[in-house]
Amino acid sequence: MPACRSKAAPSRRQHRELIPGVLNMQRVYLDYNASTPIDPAVAAAMRPFLADHYGNPSSGHWAAAAAKVALETARGQVAALLRCRSDEIVFTSGGSEANNLALKGVFFAHRERGDHIITTRIEHPAIIEPCRFLERLGARVTYLPVDGTGRIDPDDLRRAITPRTILVSIMHANNEVGTIQPIEDCARIARERGVLFHTDAAQSVGKVATEVNELGVDLLSIAGHKAYAPKGVGALFVRDGVSIGPLLHGGGHEHGRRAGTESVLLAAGLGKACELARDLSPMEGVRTLRDRFWEALQKQFGNRVCLIGHPTHRLPNTLNVSFVGRTGAEILGRLDGIAASTGSACHSGRIELSPVLNAMGVTPEVGMGAIRFSLGRGTTREDIDLVVERLTNLLITAG
Ligand SMILES: Cc1ncc(COP(=O)(O)O)c(C=O)c1O
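Everything quoted here is computed from the prediction, not taken from an experiment. Once a new chain begins, its residue numbering starts again from 1 and follows that chain's sequence as written. Per-residue local features of the predicted model are confined to residues with pLDDT of at least 70, and side-chain atom pairs are confined, for both listing and counting, to 80 or more; whole-chain, interface and lining totals are unaffected and use all residues. To obtain the side-chain values, all non-hydrogen atoms of the structure were used and water was disregarded.

Engineer: Quick question: what am I supposed to make of the overall build of the chain here?
Structural biologist: The helix and strand labels rest on DSSP assignments: H or I over at least four residues marks a helix, E over at least two residues marks a strand, and numbering proceeds from the N terminus. Helix and strand counts for the chain stand at 14 helices and 15 strands. Based on C-alpha atoms, the radius of gyration is set beside the globule rule, defined as 2.2 Å times the residue count to the power 0.38. Taken over C-alpha atoms, the radius of gyration comes to 22 Å for the chain, in line with the 21 Å a tight globule of 399 residues would show. Throughout, exposure labels follow a simple rule: accessible area from a 1.4 Å probe, protein chains only, divided by the maximum for the residue type, with under 20% read as buried, over 50% as exposed, and the rest as partly exposed. For the chain, the residues scored as buried account for 57% of the 399 residues in total. Taking the intrachain contacts of the chain between residues at least 6 apart in sequence as the baseline, contacts between residues at least 24 apart amount to 73%. Contacts are assigned to residue pairs that have any heavy atoms within 4.5 Å of one another.

Engineer: Help me out: how do you make sense of the sheet that holds strand β12 (residues 341–342) in this one?
Structural biologist: The strands that make up a sheet are held in pairs by hydrogen bonds between backbone atoms, and each pair lies either parallel or antiparallel. When DSSP finds two or more bridges between a pair of strands, those strands are recorded as paired. Taken together, the four strands give an open sheet; going across it, the order is β9-β10-β15-β12, and neighbouring strands pair in antiparallel fashion. Across the chains shown, the open sheet's two edge strands, defined by having one partner strand only, are β9 (305–308) and β12. Where β12 and strand β15 (residues 370–374) come together, two bridges link them in antiparallel fashion. The residue bridging Ser341 from the neighbouring strand is Arg372, located in β15.

Engineer: Hey, could you run me through the sheet that holds strand β8 (residues 234–238) in this one?
Structural biologist: Pairing in this open sheet of seven strands is mixed, and the strands run β2-β8-β7-β6-β5-β3-β4 from one edge to the other. Of all strands in the sheet, those bounded by a partner on one side alone are β2 (89–92) and β4 (140–144). Neighbour-to-neighbour, the strand axes of this sheet turn through a mean angle of 20°, independent of strand direction. Pairing between β2 and β8: four bridges, direction antiparallel. In the strand pairing of β8, Thr92 is matched with Gly234. Across the face of the sheet, helix α4 (residues 125–136) comes into contact with β3 (116–120), β4, β5 (165–169) and β6 (196–200) while running at roughly 150° to β4. Only the stretch in contact is used when fitting a helix axis, every axis being a line fitted to C-alpha atoms; angles between N-to-C directions are given from 0 to 180 degrees.

Engineer: Is there a simple way to explain the site of the ligand in this structure?
Structural biologist: Taken together, 13 residues surround the ligand, and among them Gly95, Ser96, Asp200, Gln203 and Lys226 come closest. Separating an oxygen atom of the ligand from a side-chain N or O atom of Gln203 is a distance of 2.9 Å. To measure how exposed things are, a 1.4 Å probe is used in the Shrake-Rupley method; for residues, cover is taken only from the protein chains shown. Contact with the protein chains covers 86% of the free accessible surface of the ligand, which is 390 Å². Per-element accounting of the shell around the ligand gives the leading share, three residues, to helix α3 (residues 95–110). Residues were grouped as follows: Ala, Val, Leu, Ile, Met, Phe, Trp, Tyr, Cys and Pro as nonpolar; Asp, Glu, Lys and Arg as charged; and all remaining residues, including Gly, as polar. Counted by class, the shell around the ligand contains three nonpolar, eight polar and two charged residues. Any residue with a heavy atom positioned within 4 Å of a molecule or strand is treated as near that molecule or strand. For the purposes of these results, a polar contact is taken to be a pair of N or O atoms within 3.5 Å, where, inside protein, one atom must be able to donate a hydrogen and its partner to accept one; residues adjacent in sequence count only when each atom of the pair is a side-chain atom.

Engineer: Looking at this structure, I do not really get α3. What am I missing?
Structural biologist: For a helix, the expected span equals 1.5 Å multiplied by the residue count minus one. Compared with the 22 Å implied by 1.5 Å per residue over 16 residues, the 22 Å span of α3 between its first and last C-alpha is a close match. A large share of α3 lies buried, amounting to 13 of its 16 residues.

Engineer: Any chance you could explain helix α10 (residues 282–301) here in plain terms?
Structural biologist: One turn of the α-helix equals 3.6 residues, which is why residues spaced by three or four share an orientation. Spanning 20 residues, α10 covers 29 Å between terminal C-alpha atoms, matching the ideal 28 Å at 1.5 Å per step. Residues Pro282, Met283, Gly285, Val286, Leu289, Arg290, Phe293, Trp294, Leu297 and Phe301 constitute the buried set of α10. The inward-facing, buried residues of α10 contact β9, β10 (318–323), β15 and α14 (381–397). After α10 finishes, the residue Gly302 shows a positive phi value of roughly 55°.

Engineer: Even after reading the chapter, I still don't get the pattern of salt bridges, so can you show me in this structure?
Structural biologist: Salt bridge, as used here: a side-chain nitrogen of Lys or Arg that lies within 4 Å of a carboxyl oxygen of Asp or Glu. Counted by the stated rule, this structure contains 20 salt bridges. Residues Glu72 and Arg75 are paired through a salt bridge, measuring 2.9 Å at the closest nitrogen-oxygen approach. Of this pair, Glu72 and Arg75 both sit in helix α2 (residues 62–82), three residues apart, which is roughly one turn of the helix. By relative accessible area, Glu72 is classed as partly exposed at 38%. A salt bridge links Lys272 to Glu275; the shortest N-O distance between them is 3.0 Å. Of this pair, Lys272 and Glu275 both sit in helix α9 (residues 264–277), separated by three residues, roughly a single helical turn. Beyond isolated ion pairs, a larger network of salt bridges with shared partners links Glu72, Arg75 and Glu254.

Engineer: Could you clarify how one ought to interpret the packing of helix α1 (residues 40–51) against α9 in this entry?
Structural biologist: How two helices pack is summed up by the angle between their axes together with the distance between the axes. For the pair α1 and α9, the least separation of the axes is 8 Å and the interaxial angle reads 155°. Looking at the two axes, α1 sits roughly antiparallel to α9. Note that α1 runs across α9; the crossing there is right-handed. Where α1 abuts α9, its residues Ala41, Val42, Ala45, Met46, Phe49 and Leu50 lie against Val264, Leu265, Leu266, Ala268, Gly269, Lys272, Ala273 and Leu276. Any angle between 65 and 115 degrees counts as roughly perpendicular, while under 35 counts as roughly parallel, over 145 as roughly antiparallel, and the rest as oblique. Left-handed is the label given to a crossing in which the near helix is rotated counterclockwise from the far helix by less than a right angle, and right-handed is the label when the rotation is clockwise.

Engineer: Is there a simple way to think about the packing of aromatic side chains in this case?
Structural biologist: Two numbers describe a pair of aromatic rings. These are the distance of the centres and the angle of the planes. The aromatic pairing rule takes the rings of Phe, Tyr and Trp, using the six-membered ring of Trp, and pairs them if the centres are within 6.5 Å, calling planes under 30 degrees apart stacked, those over 60 edge-to-face and the rest tilted. For the structure on display, the rule yields five aromatic pairs. Relative to Tyr32, the ring of Tyr29 has its centre 5.2 Å away and its plane inclined at 65°; by these criteria the two rings are edge-to-face. You can call Tyr29 partly exposed: its relative accessible area is 22%. What makes Tyr32 buried here is its relative accessible area of 1%.

Next up, the structure:
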């Protein structure tokens, strides 16, 4: 079944152009976890703020009116996706800033109460690095382990909480392998102990449900460019009553939580993207294609391929697969025109597995062969068939 696509889905041209200079070689984009194209409806929602509405939303005169309305409409659209109040949304420059604001903001506002933060070993660097920074400021951070599928054990969290714990931050879905964490259970454990709970939902918005009260979280980060909005915009949900210290000091924008004149242009884009993301039905088509892809790979390669990540608790668009004994980077290097990512990097002539694969206990032989394919609203059956054919030609026919 082809992927369901809304009328506003990105144009085919964005995904499958002919590569200049390479005859009949088509481009296929399977790196939606890295970034998505801007949805045409999102671009349309932003256009008036490039052309006409230049007022500062904080001003008190006629030129501010349209900007202010647009900013608050966008805030309402983000809030509607997360099912929270508009004034619980703080616009940021993206997922990294939202994560930094959550971690440092809670630490700055609550350090009198405690200095202990709990996170996991498989977080994005936008969580790990702020944690390292806070350790240099005197915080103590516990990095919870994960099992072979990339999931944490809520009992490990229960055991790690101490009277000094002020924050737990556990990502909703992992960017490399797509594994979804038991956030509801973990958030409940934190709440029972009176500890704030943050989740990095940069990868899950628009792919799985991200309603803050269902999840039970106090803070939640989102990133525009993972959800068909532009790069450079995101948001942090901060539950009413939760105090955070700002990272940026200045005017009283965003209720004193993030100084700086808001980009109405980018907020309008994020708002529209969040409105579209409320409809999760396109993901059913994406999941079908993802599963078709995996079945075709198993058929062609048998036990020379293996799945990395959780078989069921996984984002519907993500397929991290290892071509065992091969090198993922080398395969991708020889698949001109196919955009995807690997889970290993070459450092000083040595292949090193990503910290995520390491934490999952993936062996070097398997991890080195890992490729992350991430599908999106624009992916078609032809894209998948073409990639399977190209992989088969490269790895079987050509040897
Ligand atoms: C899980 C996760 N968190 C945070 C980020 C950072 O988001 P941004 O690129 O908007 O700063 C990313 C981006 O790759 C991500 O995948």
